[in-house]
Protein chains: 2
Amino acid sequence: MLTIQQLSQELNLGVDTLRIWERRYGFPKPARDSRGHRRYPLEQVDLLRTVCRLQELGHRPNKIFALSEKERTDILEQAQQITNPELINYEALILNGSVSKIENKLRSYLSVNGLEQLITERILPIIRIMGRHWINGKLSIAREHMISDILGDILKEQLLLPHPQEPDRTIIFLTLCGERHKLGLLMSAALFHLLGINCLLIQEELPLMEVPQLALDTSSDAVALSFSSHYSSRQAKKDLATLRNELDPEIKIIAGGNAIQKPFHLPDVILCSDLGQIPEIYRKFFSGSKSSVKAAAAG
Amino acid sequence: MLTIQQLSQELNLGVDTLRIWERRYGFPKPARDSRGHRRYPLEQVDLLRTVCRLQELGHRPNKIFALSEKERTDILEQAQQITNPELINYEALILNGSVSKIENKLRSYLSVNGLEQLITERILPIIRIMGRHWINGKLSIAREHMISDILGDILKEQLLLPHPQEPDRTIIFLTLCGERHKLGLLMSAALFHLLGINCLLIQEELPLMEVPQLALDTSSDAVALSFSSHYSSRQAKKDLATLRNELDPEIKIIAGGNAIQKPFHLPDVILCSDLGQIPEIYRKFFSGSKSSVKAAAAG
DNA sequence: TTCATATTTTGTCTAGGACAATTTTCATGC
DNA sequence: GCATGAAAATTGTCCTAGACAAAATATGAA
């Protein structure tokens, strides 16, 4: 029996959303305690989880709630396409295997094929596999986190490798409060590091208002933020607009993550909906020595 | 100009709390947009920050709001006592110095004095110093996080060191959703590791309901949770009670962190209000081989 | 003093209404 | 057929104002 707030944390939904779903769709229909406060039985929590998963697949609440329970699970089953090649090994390891085995496999792949391939050929597919199995409920959040930790650790180590030559550009990578997914941020930081940029990573979630000061303190040339699909795209938009307003206009903003897919234009914000765009972004905004660009701007 | 939700995230307060403060104490008194929605000017955000800081010092809202602005800052100034010994070096480094310098100093201290002293003589004082300066606003959250990251990295490395002999007890260390402070958890994990326990660390925040399954999957003997002062003690209590209910009674629960200070008793939950208690907890609950304890229980 | 009991304070909940932003539907023109 | 734009529906977040348990503080008796 969970309170509305516990459930809200559990599902990453606002309490208002839970209440209005009950009002509009008649579900969830929690029991009430002596005070009349909602108490959600665990079975309803499970049902709600499938609702959230379907929503992440792009379905909208009115459709989802119109479906029967079976129809919902059918859609979820169907959503897991079969994977193609040798990644099937990983699939089994992700679901049941030892996490340290995954780590070893990844590390040896890294030392043979390098970081860029590790990201595109291994880490991204693994994230996709995890997402698929999280959606159909076969992968516990806990396991997902343990594996994500390993991926994160490997990427973080890459940021510590020395640069071939002293970088003259700095990008600071961070997430805002409420954004729990940091792998996308880490991957982009690792890729920018590879391109010779000095990448500062803030691992914890920052309040929006601290960001401008931090960018100044670190004399960063750009701030990179990641917004996963948990962060509503409207919220991301608001935050980016506020940040653009508060931040020194000299300092660029790079926004990435799944919440940034939409044709969603913001003035003076570099959008990065795909890690593949990073070399292009680098070329366009960060290549050439800093002083020469300044000279060009002045000339 | 922030919306109520942005402010709520910024200050770690519920939106309901912000509204009821306005109703009861007449502050904050935000402007309203065309829809009548609250819009908080940045100056009010700063004032609210001092309110939150005072609250963290143990003052209660009705007293705080009765004070003038000057009285509040006076109390905050006064709250920063002078530090004693050689730690003053650290104080300067924390406020202005290079973070990598802090890292180097800590690492060399570690290699000379070992983990236990590092924690009690360096990490805990640093956390205290940071807390003090965060309270009076001289340390940005961003800087605090960068330094916390370093402390975290050092502690995490300790968990990777091999044990002198194969451990037969496993404790899984985790935080629940909404708990952003992980250093306390890390320190306790490092100390238990030192005592010969196999410590599994989940770095990301978990939904409460995933914990029982995870404890089973990892065949842990205990689950250790940390609740910082941001987590209201009432919430911590609720969560621990729920968890105790859902979890296999064989598996112990260890609860620590600042929210666990109060004379706050829960049946079958081991409370750890202080890292110094860890050896005692170890002796009481985890020493002796597992099989012998089981035999004793059976006999 | 120390305890037990009353009072105040505090945060979280309740209900039901409103509305901007987004998405979908539908009609129109090419 | 496809694009385009207006109209309708959907959705999440905000609003007000009232209620109450848990925690903190004050009060009084032993």
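Residues numbered from 1 in each chain as written. Chains lettered and ligands numbered in written order. Predicted model: local features only at pLDDT ≥ 70, side-chain atom pairs only at ≥ 80, totals over all residues. Heavy atoms only, no water.

1. So, the domain arrangement of chain A
Residues and elements named next belong to chain A.
No. 1: Domain parsing of chain A yields domain 1 (4-79), domain 2 (87-158) and domain 3 (166-298).
No. 2: Spacing between the C-alpha centres of domain 1 and domain 2 amounts to 29 Å.
No. 3: Taken residue by residue, the interface counts five residues in domain 1 and five residues in domain 2.
No. 4: Note on domain 1 versus domain 2: buried area summed over both sides is about 550 Å², and carbon and sulfur give 65% of it.
No. 5: The largest per-residue losses of area from domain 1 upon contact with domain 2 belong to Arg53, Glu56 and Leu76, which jointly make up 61% of the total buried on that side.
No. 6: If you look at where domain 1 meets domain 2, you find zero salt bridges.
No. 7: Scanning the region where domain 1 abuts domain 2 turns up zero residue pairs in polar contact (both at pLDDT 80 or more).
No. 8: Counting only elements with at least two residues in the side of domain 1 that touches domain 2, the list comes to helix 3 (42-56) and helix 5 (69-79).
No. 9: When grouped by side-chain class, the residues that make up the side of domain 1 that touches domain 2 number three nonpolar, no polar and two charged. (Domains from an automatic or database assignment. Contact = heavy atoms within 4.5 Å. Buried area = accessible area lost by both parts, 1.4 Å probe. Salt bridge = Lys/Arg side-chain N within 4 Å of Asp/Glu carboxyl O. Polar contact = N/O pair within 3.5 Å; in protein donor to acceptor, adjacent residues only side chain to side chain. Helix = DSSP H or I, 4+ residues; strand = E, 2+ residues; numbered from the N terminus. Nonpolar A, V, L, I, M, F, W, Y, C, P; charged D, E, K, R; others polar.)

2. Quick word on the protein's contact with DNA strand C
No. 1: Taken together, 24 residues lie around DNA strand C, and A:Arg19, A:Arg38, B:Arg24, B:Tyr25 and B:Asn62 are the ones closest in.
No. 2: Atoms of DNA strand C within 4 Å of the protein belong to the sugar or the phosphate in 69% of instances, the rest to bases.
No. 3: At 2.7 Å, a side-chain N or O of A:Arg38 approaches a phosphate oxygen of DNA strand C.
No. 4: One of the side-chain N or O atoms of B:Thr17 is found 2.9 Å from a phosphate oxygen in DNA strand C.
No. 5: For the surface near DNA strand C, the elements supplying multiple residues, two or more each, are helix 1 (4-11) and helix 2 (15-25) of chain A together with helix 2 (15-25) and helix 4 (61-66) of chain B.
No. 6: Among the elements that take part in the surface near DNA strand C, helix 2 of chain B stands out by supplying six residues, more than any other.
No. 7: Residue composition of the surface near DNA strand C, grouped by class: six nonpolar, six polar and twelve charged. (Near = heavy atom within 4 Å.)

3. Details of the pattern of salt bridges
Residues and elements named next belong to chain A.
No. 1: Evaluation of the coordinates by the stated rule reveals 22 salt bridges over all chains.
No. 2: Across the salt bridge formed by Asp33 and Arg39, the nearest N and O atoms sit 4.0 Å from each other.
No. 3: Note on Arg39: relative accessible area 26%, which makes it partly exposed.
No. 4: Glu91 is the partner of Arg132 in a salt bridge, and the nearest nitrogen-oxygen pair spans 2.5 Å. Note that Arg132 is positioned in helix 7 (residues 99-135) and Glu91 in helix 6 (residues 87-95), a separation of 41 residues in sequence. No difference in accessibility class separates Arg132 from Glu91, as the two residues are buried.
No. 5: One network of salt bridges, with partners in common, ties together Glu22, Arg32 and Arg38. (Buried < 20%, exposed > 50% of the residue type's maximum accessible area, 1.4 Å probe, protein only.)

4. Points about the relation of the copies chain B and chain A
No. 1: Placing chain B over chain A gives an RMSD of 0.1 Å and needs a rotation angle of 180 degrees, together with 0.0 Å of translation along the axis. What we have between these two chains is a two-fold relation. Across chain B, the smallest distance between a C-alpha and the rotation axis is recorded for B:Gly178, namely 4.2 Å.
No. 2: Most of the interface of chain B is mirrored in chain A, where 100% of its interface residues again form contacts. (Least-squares fit on C-alpha atoms with pLDDT ≥ 70 in both.)

5. Examining the packing of helix 7 (residues 99-135) of chain B against helix 9 (residues 183-194) of chain B
Residues and elements named next belong to chain B.
No. 1: Helix 9 packs onto helix 7 with a crossing angle of 170 degrees between their chain directions and a minimal axis gap of 11 Å. The angle between the axes of helix 7 and helix 9 places the two elements in the roughly antiparallel class. Facing helix 7, whose interface residues are Leu115, Glu116, Ile119, Ile123, Leu124 and Ile127, helix 9 presents Leu183, Met187, Ala190, Leu191 and Leu194.
No. 2: For the contact of helix 7 with helix 9, the per-class residue count stands at ten nonpolar, no polar and one charged. (Axes fitted to C-alpha atoms, helices over the stretch in contact; angles between N-to-C directions. Parallel < 35°, antiparallel > 145°, perpendicular 65-115°, else oblique.)

6. Side note on the protein's contact with DNA strand D
No. 1: As a structural note, the neighbourhood of DNA strand D is formed by 23 residues, with A:Arg24, A:Tyr25, A:Asn62, B:Arg19 and B:Arg38 the closest of them.
No. 2: In DNA strand D, the atoms that sit within 4 Å of the protein are 69% sugar and phosphate, with bases accounting for the remainder.
No. 3: A:Gln55 has a polar side-chain atom sitting 2.7 Å from a phosphate oxygen of DNA strand D.
No. 4: Measuring from a phosphate oxygen of DNA strand D, one finds a side-chain N or O atom of B:Arg19 at 2.5 Å.
No. 5: Elements with a minimum of two residues in the surface near DNA strand D: helix 2 and helix 4 (61-66) of chain A together with helix 1 (4-11) and helix 2 of chain B.
No. 6: The element best represented in the surface near DNA strand D is helix 2 of chain A, accounting for six residues.
No. 7: Along the lines of polarity and charge, the residues of the surface near DNA strand D split into six nonpolar, six polar and eleven charged.

7. Some details on the side chain of B:Glu10
No. 1: Residue placement: B:Glu10 occurs in helix 1.
No. 2: No salt bridge is formed by the buried B:Glu10, whose closest oppositely charged neighbour, B:Arg49, lies at an N-O distance of 4.2 Å.
No. 3: Not counting chain neighbours up to four residues away, the residues in contact with B:Glu10 comprise A:Pro207, A:Leu208, A:Met209, A:Glu210 and B:Arg49. (Lys, Arg positive; Asp, Glu negative; His and termini not counted.)

8. A closer look at the interface of chain B and chain A
No. 1: Contacts between the two partners involve 38 residues from chain B, matched on the other side by 38 residues from chain A.
No. 2: Summing the contributions of chain B and of chain A, the shared interface buries around 3600 Å²; its carbon and sulfur component is 53%.
No. 3: Our count for the chain B to chain A interface comes out at zero salt bridges.
No. 4: Run the count over chain B and chain A and you get ten residue pairs in polar contact (both at pLDDT 80 or more).
No. 5: Secondary structure elements with two or more residues in the side of chain B that touches chain A: helix 1, helix 3 (42-56), helix 8 (141-160), strand 4 (198-206), helix 10 (210-217) and helix 11 (233-246) of chain B.

9. Digging into the sheet that holds strand 6 (residues 252-256) of chain B
Residues and elements named next belong to chain B.
No. 1: Spatially, five strands are ordered 4-3-5-6-7 in an open sheet, and the strand pairing comes out parallel. Each edge of the open sheet is held by one strand with a lone partner, namely strand 4 and strand 7 (270-272). Mean inter-strand twist for the sheet, computed between neighbouring axes without regard to direction, equals 20 degrees.
No. 2: Where strand 3 (residues 170-176) meets strand 4, six bridges bridge the pair, whose relative direction is parallel. Its bridge partner lying in strand 4, Phe173 is registered against Leu201.
No. 3: Across the sheet, helix 9 touches strand 3, strand 4, strand 5 (222-226) and strand 6, and the angle it forms with strand 3 is around 175 degrees. (Pairing = 2+ DSSP bridges.)

10. Focus: the environment of B:Gly26
Residues and elements named next belong to chain B.
No. 1: Structurally, Gly26 can be placed in the loop between helix 2 and strand 1 (31-32).
No. 2: By relative accessible area, Gly26 is classed as partly exposed at 35%.
No. 3: With 39 residues separating them along the chain, Gly26 and Phe65 place their C-alpha atoms 8.9 Å apart.

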